[in-house]
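A structural walkthrough
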Amino acid sequence: MDMDNKGWLYKRGQYRKSWKRRYFVVDPLKHTLCYYQAPPEESAAKGRYVKPLGIIDLTNTTVIVDKDPAKPDNCFRVQTPARDYYISAADPFKMNTWISVLRLNSKLGTLEKTLEKELPQEKKQDDLLADSIVDLDAQYTLSFKLAADKMLKSLGDAAQSSRASLADVSTMKYEIKCQLKKYLNAVKTQRTESESKLKELRQNEAGAHRSLDSINALIVTLDKFLQASRYIQRQTIAIISLNQPMPTTVRTLREMLEARKSSEIPSELINGYMKLLHSCFPEDQVKLMNTPEKFDFLKVLHFYSCFHDEIHLPKLIRLEPAKRRRLEVWRQLVASVNGIKRTCQQLSELTLIEKEINQAINPSLTTRTRPISMCDPEEDDLIDSNNQSTLGRIPEDDAAEVQPTGSADLGLKLYKTEWQGIAKVIEALGKLRNREKEQSQKLDDALHSRELLASFSSKKTPVPSPLNSRAQSRVTIGSISDEAGDEKSPSPEGK
(Lines give C-alpha, C1' and ligand atoms only; values in the text may rest on other atoms or scores of the structure.)
Protein backbone atom coordinates (compact mmCIF):
# COMPACT_ATOMS: atom_id res chain seq x y z
CA MET A 1 0.00 0.00 0.00
CA ASP A 2 1.20 3.52 -0.83
CA MET A 3 -0.19 7.03 -0.63
CA ASP A 4 -0.74 7.11 -4.38
CA ASN A 5 -3.01 4.10 -4.23
CA LYS A 6 -4.97 3.01 -7.29
CA GLY A 7 -7.30 0.19 -8.22
CA TRP A 8 -10.80 -0.93 -9.10
CA LEU A 9 -13.72 -0.08 -6.79
CA TYR A 10 -17.50 0.19 -7.06
CA LYS A 11 -19.18 3.61 -6.78
CA ARG A 12 -22.84 4.39 -6.33
CA GLY A 13 -24.30 7.01 -8.61
CA GLN A 14 -25.70 10.24 -7.28
CA TYR A 15 -29.09 10.06 -9.02
CA ARG A 16 -29.83 6.53 -10.21
CA LYS A 17 -28.20 4.90 -7.19
CA SER A 18 -26.72 2.17 -9.34
CA TRP A 19 -23.34 0.62 -8.57
CA LYS A 20 -20.71 0.76 -11.29
CA ARG A 21 -17.13 -0.37 -11.47
CA ARG A 22 -14.65 2.49 -11.66
CA TYR A 23 -10.87 2.81 -11.58
CA PHE A 24 -9.78 5.09 -8.73
CA VAL A 25 -6.45 6.91 -8.49
CA VAL A 26 -5.20 8.94 -5.52
CA ASP A 27 -3.04 12.01 -6.19
CA PRO A 28 -1.09 12.64 -2.95
CA LEU A 29 0.32 15.94 -4.23
CA LYS A 30 -3.04 17.49 -5.03
CA HIS A 31 -4.88 15.40 -2.41
CA THR A 32 -7.57 14.35 -4.82
CA LEU A 33 -9.29 11.10 -5.70
CA CYS A 34 -10.00 10.65 -9.42
CA TYR A 35 -12.08 7.86 -10.90
CA TYR A 36 -12.07 6.66 -14.51
CA GLN A 37 -13.94 4.20 -16.63
CA ALA A 38 -10.64 2.48 -17.48
CA PRO A 39 -7.06 2.73 -16.20
CA PRO A 40 -5.50 5.98 -17.53
CA GLU A 41 -2.17 4.20 -18.05
CA GLU A 42 -3.59 2.35 -21.04
CA SER A 43 -4.53 5.58 -22.80
CA ALA A 44 -1.26 7.26 -21.76
CA ALA A 45 0.66 4.42 -23.42
CA LYS A 46 -1.13 5.30 -26.66
CA GLY A 47 -0.30 8.98 -26.25
CA ARG A 48 -3.81 10.09 -25.39
CA TYR A 49 -4.99 11.94 -22.33
CA VAL A 50 -8.14 10.60 -20.65
CA LYS A 51 -10.30 13.00 -18.73
CA PRO A 52 -11.48 11.55 -15.39
CA LEU A 53 -15.19 11.00 -14.81
CA GLY A 54 -14.94 12.88 -11.54
CA ILE A 55 -12.47 14.34 -9.08
CA ILE A 56 -13.02 14.28 -5.32
CA ASP A 57 -11.16 16.83 -3.22
CA LEU A 58 -9.95 14.95 -0.15
CA THR A 59 -9.27 18.12 1.82
CA ASN A 60 -11.71 18.57 4.72
CA THR A 61 -13.32 15.20 4.05
CA THR A 62 -14.41 12.44 6.39
CA VAL A 63 -14.11 8.75 5.54
CA ILE A 64 -16.22 6.35 7.59
CA VAL A 65 -17.47 2.80 7.26
CA ASP A 66 -21.09 2.43 6.16
CA LYS A 67 -22.77 -0.38 8.09
CA ASP A 68 -26.16 -0.03 6.44
CA PRO A 69 -27.38 -3.58 5.63
CA ALA A 70 -29.00 -2.22 2.49
CA LYS A 71 -25.55 -1.29 1.17
CA PRO A 72 -23.11 -3.85 -0.25
CA ASP A 73 -20.42 -5.40 1.90
CA ASN A 74 -17.15 -3.54 2.50
CA CYS A 75 -18.81 -0.19 1.81
CA PHE A 76 -17.46 3.14 3.05
CA ARG A 77 -18.59 6.73 2.65
CA VAL A 78 -16.50 9.76 1.70
CA GLN A 79 -18.20 12.86 3.10
CA THR A 80 -17.33 16.11 1.34
CA PRO A 81 -18.92 19.52 1.73
CA ALA A 82 -20.57 19.08 -1.69
CA ARG A 83 -21.94 15.53 -1.42
CA ASP A 84 -21.38 12.05 -0.04
CA TYR A 85 -19.69 9.36 -2.15
CA TYR A 86 -20.54 5.71 -1.48
CA ILE A 87 -17.73 3.36 -2.49
CA SER A 88 -17.43 -0.41 -2.08
CA ALA A 89 -14.34 -2.61 -2.20
CA ALA A 90 -13.98 -6.26 -3.09
CA ASP A 91 -12.89 -7.40 0.38
CA PRO A 92 -12.35 -5.94 3.89
CA PHE A 93 -8.59 -5.64 3.47
CA LYS A 94 -8.91 -3.45 0.39
CA MET A 95 -11.57 -1.38 2.08
CA ASN A 96 -9.32 -0.77 5.10
CA THR A 97 -6.38 0.05 2.83
CA TRP A 98 -8.34 2.66 0.92
CA ILE A 99 -9.75 4.17 4.12
CA SER A 100 -6.27 4.53 5.60
CA VAL A 101 -4.89 6.19 2.46
CA LEU A 102 -7.85 8.55 2.06
CA ARG A 103 -7.77 9.64 5.69
CA LEU A 104 -4.05 10.30 5.56
CA ASN A 105 -4.38 12.37 2.37
CA SER A 106 -7.30 14.28 3.89
CA LYS A 107 -5.30 15.26 6.96
CA LEU A 108 -2.25 16.09 4.89
CA GLY A 109 -4.28 18.21 2.48
CA THR A 110 -5.92 20.16 5.27
CA LEU A 111 -2.55 20.82 6.87
CA GLU A 112 -1.02 21.82 3.53
CA LYS A 113 -3.76 24.34 2.76
CA THR A 114 -3.22 25.88 6.17
CA LEU A 115 0.49 26.23 5.45
CA GLU A 116 -0.15 27.68 1.97
CA LYS A 117 -1.93 30.59 3.54
CA GLU A 118 1.15 31.29 5.63
CA LEU A 119 3.57 31.22 2.68
CA PRO A 120 4.69 34.69 1.45
CA GLN A 121 2.77 35.85 -1.61
CA GLU A 122 5.51 37.34 -3.83
CA LYS A 123 3.30 37.80 -6.83
CA LYS A 124 -0.20 39.00 -7.19
CA GLN A 125 -2.98 37.21 -9.00
CA ASP A 126 -2.44 39.11 -12.23
CA ASP A 127 1.21 38.11 -12.40
CA LEU A 128 0.54 34.40 -11.89
CA LEU A 129 -0.54 33.92 -15.52
CA ALA A 130 2.88 35.08 -16.70
CA ASP A 131 4.79 32.71 -14.42
CA SER A 132 5.79 29.32 -15.63
CA ILE A 133 3.85 26.29 -14.52
CA VAL A 134 7.07 24.79 -13.22
CA ASP A 135 7.41 27.65 -10.68
CA LEU A 136 3.83 27.02 -9.54
CA ASP A 137 4.60 23.35 -9.17
CA ALA A 138 7.75 24.18 -7.21
CA GLN A 139 5.76 26.37 -4.83
CA TYR A 140 3.12 23.64 -4.58
CA THR A 141 5.79 21.03 -3.89
CA LEU A 142 7.33 23.27 -1.23
CA SER A 143 4.04 23.53 0.63
CA PHE A 144 3.63 19.76 0.34
CA LYS A 145 7.08 19.15 1.79
CA LEU A 146 6.43 21.55 4.65
CA ALA A 147 3.10 19.88 5.39
CA ALA A 148 4.64 16.43 5.16
CA ASP A 149 7.49 17.36 7.49
CA LYS A 150 5.13 18.88 9.98
CA MET A 151 2.81 15.91 9.84
CA LEU A 152 5.73 13.49 10.22
CA LYS A 153 6.77 15.33 13.36
CA SER A 154 3.17 15.28 14.62
CA LEU A 155 2.86 11.56 13.94
CA GLY A 156 6.13 10.95 15.76
CA ASP A 157 4.88 12.93 18.75
CA ALA A 158 1.63 10.99 18.66
CA ALA A 159 3.49 7.67 18.61
CA GLN A 160 5.66 8.76 21.53
CA SER A 161 2.58 9.92 23.47
CA SER A 162 0.85 6.60 22.81
CA ARG A 163 3.90 4.68 24.00
CA ALA A 164 3.94 6.71 27.23
CA SER A 165 0.23 6.08 27.69
CA LEU A 166 0.69 2.35 27.14
CA ALA A 167 3.47 2.26 29.74
CA ASP A 168 1.23 4.08 32.21
CA VAL A 169 -1.62 1.69 31.49
CA SER A 170 0.65 -1.32 32.00
CA THR A 171 1.70 -0.05 35.42
CA MET A 172 -1.89 0.52 36.53
CA LYS A 173 -2.96 -2.84 35.13
CA TYR A 174 -0.22 -4.56 37.12
CA GLU A 175 -1.37 -2.87 40.34
CA ILE A 176 -5.01 -3.78 39.74
CA LYS A 177 -4.10 -7.37 38.86
CA CYS A 178 -2.15 -7.68 42.12
CA GLN A 179 -5.21 -6.46 43.99
CA LEU A 180 -7.44 -8.91 42.12
CA LYS A 181 -5.05 -11.76 42.93
CA LYS A 182 -5.38 -10.90 46.62
CA TYR A 183 -9.15 -11.09 46.23
CA LEU A 184 -8.73 -14.37 44.40
CA ASN A 185 -6.61 -15.87 47.20
CA ALA A 186 -9.20 -14.77 49.76
CA VAL A 187 -11.97 -16.33 47.68
CA LYS A 188 -10.03 -19.59 47.39
CA THR A 189 -9.42 -19.67 51.15
CA GLN A 190 -13.09 -19.03 51.85
CA ARG A 191 -14.03 -21.70 49.35
CA THR A 192 -11.75 -24.26 51.04
CA GLU A 193 -13.31 -23.47 54.42
CA SER A 194 -16.79 -23.75 52.95
CA GLU A 195 -15.97 -27.11 51.37
CA SER A 196 -14.69 -28.50 54.71
CA LYS A 197 -17.76 -27.09 56.45
CA LEU A 198 -20.00 -28.65 53.84
CA LYS A 199 -18.32 -32.02 54.37
CA GLU A 200 -18.88 -31.76 58.13
CA LEU A 201 -22.51 -30.75 57.64
CA ARG A 202 -23.14 -33.70 55.36
CA GLN A 203 -21.64 -36.03 57.98
CA ASN A 204 -23.91 -34.46 60.62
CA GLU A 205 -26.86 -34.90 58.30
CA ALA A 206 -26.07 -38.57 57.76
CA GLY A 207 -25.61 -39.11 61.54
CA ALA A 208 -28.89 -37.33 62.26
CA HIS A 209 -30.67 -39.55 59.72
CA ARG A 210 -29.26 -42.67 61.36
CA SER A 211 -30.18 -41.45 64.87
CA LEU A 212 -33.63 -40.48 63.70
CA ASP A 213 -34.19 -43.91 62.15
CA SER A 214 -33.16 -45.72 65.34
CA ILE A 215 -35.27 -43.43 67.54
CA ASN A 216 -38.29 -43.86 65.28
CA ALA A 217 -37.86 -47.64 65.42
CA LEU A 218 -37.68 -47.50 69.23
CA ILE A 219 -40.77 -45.30 69.47
CA VAL A 220 -42.72 -47.61 67.16
CA THR A 221 -41.72 -50.62 69.31
CA LEU A 222 -42.69 -48.86 72.53
CA ASP A 223 -46.00 -47.70 71.08
CA LYS A 224 -46.82 -51.22 69.97
CA PHE A 225 -45.87 -52.62 73.41
CA LEU A 226 -47.95 -50.03 75.27
CA GLN A 227 -50.99 -50.51 73.04
CA ALA A 228 -50.86 -54.28 73.67
CA SER A 229 -50.32 -53.65 77.39
CA ARG A 230 -53.41 -51.43 77.58
CA TYR A 231 -55.43 -54.08 75.78
CA ILE A 232 -54.31 -56.77 78.27
CA GLN A 233 -55.15 -54.46 81.17
CA ARG A 234 -58.68 -53.92 79.85
CA GLN A 235 -59.20 -57.64 79.28
CA THR A 236 -57.85 -58.45 82.76
CA ILE A 237 -60.27 -56.00 84.39
CA ALA A 238 -63.17 -57.41 82.37
CA ILE A 239 -62.37 -61.01 83.39
CA ILE A 240 -61.91 -60.14 87.06
CA SER A 241 -65.19 -58.23 87.10
CA LEU A 242 -67.09 -61.50 86.29
CA ASN A 243 -66.52 -62.59 89.95
CA GLN A 244 -65.88 -66.22 89.05
CA PRO A 245 -63.98 -68.69 91.21
CA MET A 246 -60.25 -68.02 91.41
CA PRO A 247 -59.17 -71.14 89.46
CA THR A 248 -61.57 -70.21 86.68
CA THR A 249 -60.37 -66.60 86.65
CA VAL A 250 -56.72 -67.58 86.48
CA ARG A 251 -57.42 -70.15 83.75
CA THR A 252 -59.39 -67.55 81.77
CA LEU A 253 -56.54 -65.07 82.02
CA ARG A 254 -54.11 -67.67 80.66
CA GLU A 255 -56.46 -68.67 77.86
CA MET A 256 -56.91 -64.97 76.98
CA LEU A 257 -53.20 -64.63 76.14
CA GLU A 258 -53.03 -67.96 74.35
CA ALA A 259 -56.02 -67.05 72.21
CA ARG A 260 -54.34 -63.90 70.87
CA LYS A 261 -51.90 -64.15 68.01
CA SER A 262 -48.27 -63.77 68.93
CA SER A 263 -47.84 -61.10 66.22
CA GLU A 264 -50.38 -58.85 67.88
CA ILE A 265 -48.85 -59.02 71.36
CA PRO A 266 -45.07 -58.75 71.83
CA SER A 267 -43.45 -61.88 73.24
CA GLU A 268 -41.79 -59.82 75.95
CA LEU A 269 -45.21 -58.72 77.19
CA ILE A 270 -46.61 -62.27 77.10
CA ASN A 271 -43.66 -63.71 79.00
CA GLY A 272 -43.77 -60.98 81.62
CA TYR A 273 -47.51 -61.33 82.12
CA MET A 274 -47.36 -65.11 82.47
CA LYS A 275 -44.43 -64.91 84.85
CA LEU A 276 -46.23 -62.38 87.00
CA LEU A 277 -49.41 -64.49 86.91
CA HIS A 278 -47.56 -67.57 88.21
CA SER A 279 -45.86 -65.57 90.95
CA CYS A 280 -49.07 -63.91 92.19
CA PHE A 281 -51.34 -66.94 91.85
CA PRO A 282 -49.50 -70.19 92.67
CA GLU A 283 -51.36 -73.35 91.64
CA ASP A 284 -51.54 -74.87 95.15
CA GLN A 285 -53.19 -71.72 96.51
CA VAL A 286 -55.56 -71.37 93.59
CA LYS A 287 -56.95 -74.92 94.10
CA LEU A 288 -58.03 -74.05 97.65
CA MET A 289 -60.13 -71.11 96.41
CA ASN A 290 -62.89 -73.04 94.56
CA THR A 291 -65.82 -70.98 95.80
CA PRO A 292 -66.68 -67.40 95.04
CA GLU A 293 -66.65 -66.62 98.75
CA LYS A 294 -62.92 -67.37 98.86
CA PHE A 295 -62.12 -64.93 95.95
CA ASP A 296 -59.20 -62.78 97.11
CA PHE A 297 -59.57 -59.24 95.71
CA LEU A 298 -56.39 -58.07 97.38
CA LYS A 299 -54.27 -60.51 95.42
CA VAL A 300 -56.03 -59.48 92.21
CA LEU A 301 -55.32 -55.81 92.89
CA HIS A 302 -51.73 -56.69 93.80
CA PHE A 303 -51.36 -58.55 90.48
CA TYR A 304 -52.79 -55.60 88.51
CA SER A 305 -50.59 -53.05 90.25
CA CYS A 306 -47.47 -55.21 89.74
CA PHE A 307 -48.28 -55.56 86.04
CA HIS A 308 -48.70 -51.81 85.66
CA ASP A 309 -45.62 -50.88 87.69
CA GLU A 310 -43.19 -53.57 86.53
CA ILE A 311 -44.22 -54.10 82.88
CA HIS A 312 -46.27 -51.15 81.57
CA LEU A 313 -44.78 -48.16 83.38
CA PRO A 314 -41.06 -48.70 82.44
CA LYS A 315 -41.98 -48.71 78.76
CA LEU A 316 -44.09 -45.61 79.18
CA ILE A 317 -41.23 -43.86 80.97
CA ARG A 318 -38.86 -44.67 78.07
CA LEU A 319 -41.31 -43.35 75.47
CA GLU A 320 -41.33 -39.70 76.53
CA PRO A 321 -37.52 -39.20 76.47
CA ALA A 322 -37.42 -40.97 73.12
CA LYS A 323 -39.94 -38.50 71.71
CA ARG A 324 -38.00 -35.57 73.12
CA ARG A 325 -34.80 -36.96 71.68
CA ARG A 326 -36.47 -37.39 68.30
CA LEU A 327 -37.51 -33.74 68.33
CA GLU A 328 -33.94 -32.68 69.14
CA VAL A 329 -32.48 -34.85 66.40
CA TRP A 330 -35.06 -33.52 63.97
CA ARG A 331 -34.06 -29.95 64.78
CA GLN A 332 -30.42 -30.88 64.29
CA LEU A 333 -31.28 -32.44 60.94
CA VAL A 334 -33.17 -29.33 59.85
CA ALA A 335 -30.23 -27.15 60.92
CA SER A 336 -27.83 -29.38 58.99
CA VAL A 337 -29.99 -29.26 55.86
CA ASN A 338 -30.30 -25.46 56.07
CA GLY A 339 -26.55 -25.19 56.65
CA ILE A 340 -25.91 -27.38 53.62
CA LYS A 341 -28.16 -25.19 51.49
CA ARG A 342 -26.45 -22.03 52.69
CA THR A 343 -22.98 -23.51 52.24
CA CYS A 344 -23.85 -24.71 48.73
CA GLN A 345 -25.07 -21.20 47.93
CA GLN A 346 -21.80 -19.82 49.28
CA LEU A 347 -19.77 -22.24 47.16
CA SER A 348 -21.84 -21.37 44.08
CA GLU A 349 -21.32 -17.64 44.59
CA LEU A 350 -17.63 -18.08 45.41
CA THR A 351 -17.18 -20.15 42.26
CA LEU A 352 -18.91 -17.47 40.22
CA ILE A 353 -16.78 -14.72 41.77
CA GLU A 354 -13.61 -16.75 41.23
CA LYS A 355 -14.57 -17.27 37.58
CA GLU A 356 -15.15 -13.54 37.10
CA ILE A 357 -11.83 -12.64 38.73
CA ASN A 358 -9.92 -15.21 36.66
CA GLN A 359 -11.59 -13.94 33.52
CA ALA A 360 -10.68 -10.37 34.46
CA ILE A 361 -7.04 -11.28 35.17
CA ASN A 362 -6.59 -13.53 32.13
CA PRO A 363 -9.18 -12.59 29.50
CA SER A 364 -9.58 -14.82 26.50
CA LEU A 365 -7.25 -13.78 23.71
CA THR A 366 -9.09 -12.57 20.66
CA THR A 367 -7.48 -11.76 17.38
CA ARG A 368 -7.92 -8.34 15.82
CA THR A 369 -11.09 -8.53 13.77
CA ARG A 370 -10.15 -5.55 11.59
CA PRO A 371 -6.79 -4.53 10.19
CA ILE A 372 -4.87 -1.42 11.16
CA SER A 373 -6.43 2.02 10.66
CA MET A 374 -10.00 0.87 11.10
CA CYS A 375 -11.85 3.12 13.52
CA ASP A 376 -15.52 3.83 13.05
CA PRO A 377 -16.51 6.60 13.42
CA GLU A 378 -13.32 8.28 12.31
CA GLU A 379 -10.94 8.63 15.23
CA ASP A 380 -9.91 12.04 16.55
CA ASP A 381 -6.76 13.76 15.41
CA LEU A 382 -3.58 12.03 16.48
CA ILE A 383 -2.02 15.27 17.61
CA ASP A 384 -2.62 16.69 21.07
CA SER A 385 -2.22 20.45 21.33
CA ASN A 386 -0.17 20.18 24.51
CA ASN A 387 1.76 17.15 23.26
CA GLN A 388 0.68 15.18 26.32
CA SER A 389 -0.67 11.71 26.82
CA THR A 390 -4.45 11.51 26.56
CA LEU A 391 -4.49 8.82 29.25
CA GLY A 392 -4.29 9.91 32.87
CA ARG A 393 -4.08 7.89 36.03
CA ILE A 394 -7.47 7.00 37.47
CA PRO A 395 -8.06 8.97 40.70
CA GLU A 396 -9.19 7.06 43.73
CA ASP A 397 -12.40 9.06 43.96
CA ASP A 398 -13.16 8.33 40.32
CA ALA A 399 -12.48 4.64 40.80
CA ALA A 400 -14.78 4.57 43.81
CA GLU A 401 -17.62 6.06 41.77
CA VAL A 402 -17.43 3.38 39.11
CA GLN A 403 -20.75 1.62 38.93
CA PRO A 404 -20.23 -1.98 37.85
CA THR A 405 -22.25 -2.97 34.84
CA GLY A 406 -22.76 -6.23 32.99
CA SER A 407 -20.53 -8.60 34.93
CA ALA A 408 -21.67 -7.09 38.28
CA ASP A 409 -25.20 -8.43 37.88
CA LEU A 410 -24.51 -11.94 39.16
CA GLY A 411 -27.57 -12.40 41.35
CA LEU A 412 -25.48 -12.76 44.52
CA LYS A 413 -27.16 -12.76 47.93
CA LEU A 414 -24.57 -13.80 50.50
CA TYR A 415 -21.54 -11.98 49.06
CA LYS A 416 -23.33 -9.06 47.46
CA THR A 417 -21.47 -6.41 49.46
CA GLU A 418 -18.06 -8.01 48.93
CA TRP A 419 -18.72 -8.44 45.22
CA GLN A 420 -19.54 -4.76 44.75
CA GLY A 421 -16.00 -3.84 45.83
CA ILE A 422 -14.47 -6.52 43.58
CA ALA A 423 -16.67 -5.48 40.67
CA LYS A 424 -15.45 -1.89 40.91
CA VAL A 425 -11.86 -3.10 40.60
CA ILE A 426 -12.77 -5.32 37.62
CA GLU A 427 -14.61 -2.38 36.04
CA ALA A 428 -11.53 -0.19 36.45
CA LEU A 429 -9.40 -2.93 34.85
CA GLY A 430 -11.82 -3.14 31.94
CA LYS A 431 -11.58 0.61 31.40
CA LEU A 432 -7.81 0.35 31.41
CA ARG A 433 -7.94 -2.41 28.81
CA ASN A 434 -10.21 -0.29 26.63
CA ARG A 435 -7.78 2.61 26.94
CA GLU A 436 -4.89 0.29 26.19
CA LYS A 437 -6.68 -0.94 23.08
CA GLU A 438 -7.40 2.64 22.03
CA GLN A 439 -3.81 3.73 22.56
CA SER A 440 -2.50 0.66 20.74
CA GLN A 441 -4.78 1.48 17.82
CA LYS A 442 -3.55 5.07 17.77
CA LEU A 443 0.06 3.91 17.97
CA ASP A 444 -0.46 1.51 15.06
CA ASP A 445 -2.15 4.20 13.00
CA ALA A 446 0.55 6.76 13.78
CA LEU A 447 3.40 4.39 12.92
CA HIS A 448 1.68 3.14 9.80
CA SER A 449 0.78 6.61 8.58
CA ARG A 450 4.28 7.88 9.29
CA GLU A 451 5.76 4.97 7.36
CA LEU A 452 3.52 5.70 4.38
CA LEU A 453 4.24 9.42 4.44
CA ALA A 454 7.99 8.97 4.92
CA SER A 455 8.14 6.45 2.10
CA PHE A 456 6.31 8.76 -0.26
CA SER A 457 8.24 11.87 0.78
CA SER A 458 11.56 10.14 0.19
CA LYS A 459 10.70 9.70 -3.48
CA LYS A 460 11.66 12.36 -5.95
CA THR A 461 8.61 14.49 -6.62
CA PRO A 462 7.93 14.45 -10.39
CA VAL A 463 7.43 17.75 -12.11
CA PRO A 464 4.41 17.50 -14.40
CA SER A 465 4.66 18.68 -17.99
CA PRO A 466 2.98 21.91 -19.03
CA LEU A 467 0.64 19.96 -21.31
CA ASN A 468 -0.60 17.74 -18.56
CA SER A 469 -0.78 20.65 -16.12
CA ARG A 470 -2.91 22.71 -18.50
CA ALA A 471 -5.11 19.70 -19.19
CA GLN A 472 -5.50 19.02 -15.52
CA SER A 473 -6.33 22.66 -14.85
CA ARG A 474 -9.40 22.36 -17.10
CA VAL A 475 -10.90 19.86 -14.68
CA THR A 476 -12.51 21.49 -11.70
CA ILE A 477 -11.77 19.74 -8.44
CA GLY A 478 -14.82 18.02 -7.01
CA SER A 479 -16.69 18.40 -10.31
CA ILE A 480 -18.98 15.77 -11.62
CA SER A 481 -19.13 17.09 -15.14
CA ASP A 482 -19.24 13.61 -16.55
CA GLU A 483 -21.49 12.29 -13.80
CA ALA A 484 -24.60 12.34 -15.95
CA GLY A 485 -22.86 10.38 -18.67
CA ASP A 486 -21.53 8.10 -16.00
CA GLU A 487 -25.06 7.34 -14.89
CA LYS A 488 -26.52 6.88 -18.37
CA SER A 489 -23.86 4.56 -19.74
CA PRO A 490 -24.65 0.85 -19.45
CA SER A 491 -22.96 -0.97 -16.62
CA PRO A 492 -19.97 -2.94 -17.90
CA GLU A 493 -19.94 -4.97 -14.71
CA GLY A 494 -22.66 -4.41 -12.16
CA LYS A 495 -22.09 -5.39 -8.62
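The structure contained in this document is the topic of the report that follows. Not measured: the values here are computed from a predicted model. (Residues numbered from 1 in each chain as written. Predicted model: local features only at pLDDT ≥ 70, side-chain atom pairs only at ≥ 80, totals over all residues. Heavy atoms only, no water.)

A contiguous patch of positive charge on the surface is contributed by Arg230, Arg234, Lys323 and Arg326. Looking at the positive patch, the elements that each hand over two or more residues are α4 (133–240) and α8 (297–361). Checked against the element boundaries, Arg230 lands in helix α4. (Patch = residues over 30% accessible without salt bridge, like charges linked within 9 Å, V, L, I, M, F, W, Y side chains within 5 Å. Areas by Shrake-Rupley, 256 points an atom, 1.4 Å probe, with all protein chains shown as cover. Salt bridge = Lys/Arg side-chain N within 4 Å of Asp/Glu carboxyl O. Lys, Arg positive; Asp, Glu negative; His and termini not counted. Charge placed at Lys NZ, Arg CZ, Asp CG, Glu CD. Helix = DSSP H or I, 4+ residues; strand = E, 2+ residues; numbered from the N terminus.)

By the criterion of burial, strand β2 (residues 19–27) is predominantly enclosed, with 7 of the 9 residues buried. Note: strand β1 (residues 6–12) against β2, 7 bridges, orientation antiparallel. The residue of β2 that forms the bridge with Tyr10 is Arg21. Between β1 and β2, which pair antiparallel one after the other, the connecting turn spans 6 residues, and Lys17 there sits at a positive phi close to 60°. Note: β2 against strand β3 (residues 32–36), 5 bridges, orientation antiparallel. Paired with Phe24 across the bridge in β3 is Tyr35. Counting the residues that bridge the hairpin from β2 to β3 gives 4 residues, and of these His31 lies at a positive phi of roughly 55°. (Buried < 20%, exposed > 50% of the residue type's maximum accessible area, 1.4 Å probe, protein only. Pairing = 2+ DSSP bridges.)

Moving on, we come to the pairing of strand β6 (residues 75–79). Residues in a regular strand project their side chains so that they alternate between the two faces of the sheet. A large share of β6 lies buried, amounting to 4 of its 5 residues. Examined bridge by bridge, strand β5 (residues 62–65) and β6 share 4 bridges and lie antiparallel to one another. Opposite Thr62, over in β6, you have Gln79 as the bridge partner. Alignment of β6 against strand β7 (residues 84–88), held across 5 bridges, turns out to be antiparallel. What sits directly across from Phe76, in β7, is Ile87. From the end of β6 to the start of β7, which pair antiparallel, there are 4 residues.

Between its first and last C-alpha, α8 extends 93 Å over 65 residues, near the 96 Å set by a 1.5 Å rise per residue. By the largest-angle criterion, His312 marks the main kink of α8, which is about 40°, and a proline, Pro314, follows within four residues. (Expected span 1.5 Å × (residues − 1). Bend = angle between axes of the 7 residues up to and from the residue.)

Turning to the nonpolar core, a few remarks are in order. Ile232, Leu269, Tyr273 and Phe281 are the most contacted members of the largest nonpolar core, which totals 24 residues. Examining the composition of this core, we find that 7 residues originate from one element, helix α6 (residues 267–280), more than from any other. Grouped together as the second largest cluster of nonpolar side chains are 21 residues, Met172, Ala423, Val425 and Ile426 included. (Core = buried A, V, L, I, M, F, W, Y, C linked by side-chain atoms within 4.5 Å.)

What follows is about the packing of helix α5 (residues 246–259) against α6. α6 packs onto α5 with a crossing angle of 170° between their chain directions and a minimal axis gap of 11 Å. By the angle between their axes, α5 is roughly antiparallel relative to α6. Contacts between α5 and α6 involve Val250, Leu253, Arg254, Met256 and Leu257 from the former and Ile270, Tyr273, Met274, Leu277 and His278 from the latter. Partitioned by chemical class, the residues of the contact of α5 with α6 number 8 nonpolar, 1 polar and 1 charged. (Axes fitted to C-alpha atoms, helices over the stretch in contact; angles between N-to-C directions. Parallel < 35°, antiparallel > 145°, perpendicular 65-115°, else oblique. Contact = heavy atoms within 4.5 Å. Nonpolar A, V, L, I, M, F, W, Y, C, P; charged D, E, K, R; others polar.)

If you check the backbone angles, Lys17 has positive phi at about 60° while not being a glycine. Turning to its location among the elements, Lys17 is positioned in the loop between β1 and β2. Exposure remark for Lys17: the relative accessible area of 44% places this residue in the partly exposed category.

The final tally for this structure, using the stated rule, is 0 disulfides. Free of any disulfide, Cys280 has its nearest neighbouring cysteine sulfur in Cys306, separated by 4.9 Å. (Disulfide = S-S within 2.5 Å.)

With that settled, consider the pattern of salt bridges. The full count for this structure, using the stated rule, is 11 salt bridges. Measuring nitrogen to oxygen at the nearest pair gives 3.1 Å for the salt bridge that ties Glu41 to Lys6. With Glu41 in helix α1 (residues 40–45) and Lys6 in strand β1, this residue pair connects regions lying 35 residues apart in the sequence. Across the pair Glu328 and Arg325 runs a salt bridge, and its minimum N-O distance is 3.6 Å. Here Glu328 and its partner Arg325 are both found in helix α8, 3 residues apart, which amounts to about one turn of the helix. Owing to a relative accessible area of 42%, Glu328 belongs among the partly exposed residues under this scheme. For Arg325, a relative accessible area of 37% translates into the label partly exposed. Ionic contacts of the salt-bridge type, sharing partners, join the residues Asp66, Arg77 and Asp84 into one network.

With that settled, the discussion passes to the sheet that holds β6. Strand order in the open sheet made by the 7 strands is β4-β3-β2-β1-β7-β6-β5, with antiparallel pairing throughout. Each having just a single partner strand, β4 (54–57) and β5 make up the two edges of the open sheet. When strand polarity is set aside, the average angle formed by the axes of neighbouring strands in this sheet is 35°. Bridge analysis of β1 against β7 gives 2 bridges, and the strand direction is antiparallel. The residue of β7 that forms the bridge with Lys11 is Ile87.

Per the stated rule, a full pass over the model turns up 6 aromatic pairs. On the basis of an interplanar angle of 40° and a centroid distance of 5.5 Å, the ring pair of Phe24 and Tyr35 is categorised as tilted. With a gap of 11 residues between them, Phe24 in strand β2 and Tyr35 in strand β3 connect regions that are remote in the sequence. Taken individually, Phe24 and Tyr35 each receive the classification buried, so the pair is uniform in this respect. (Phe/Tyr/Trp six-rings, centres within 6.5 Å; stacked < 30°, edge-to-face > 60°.)

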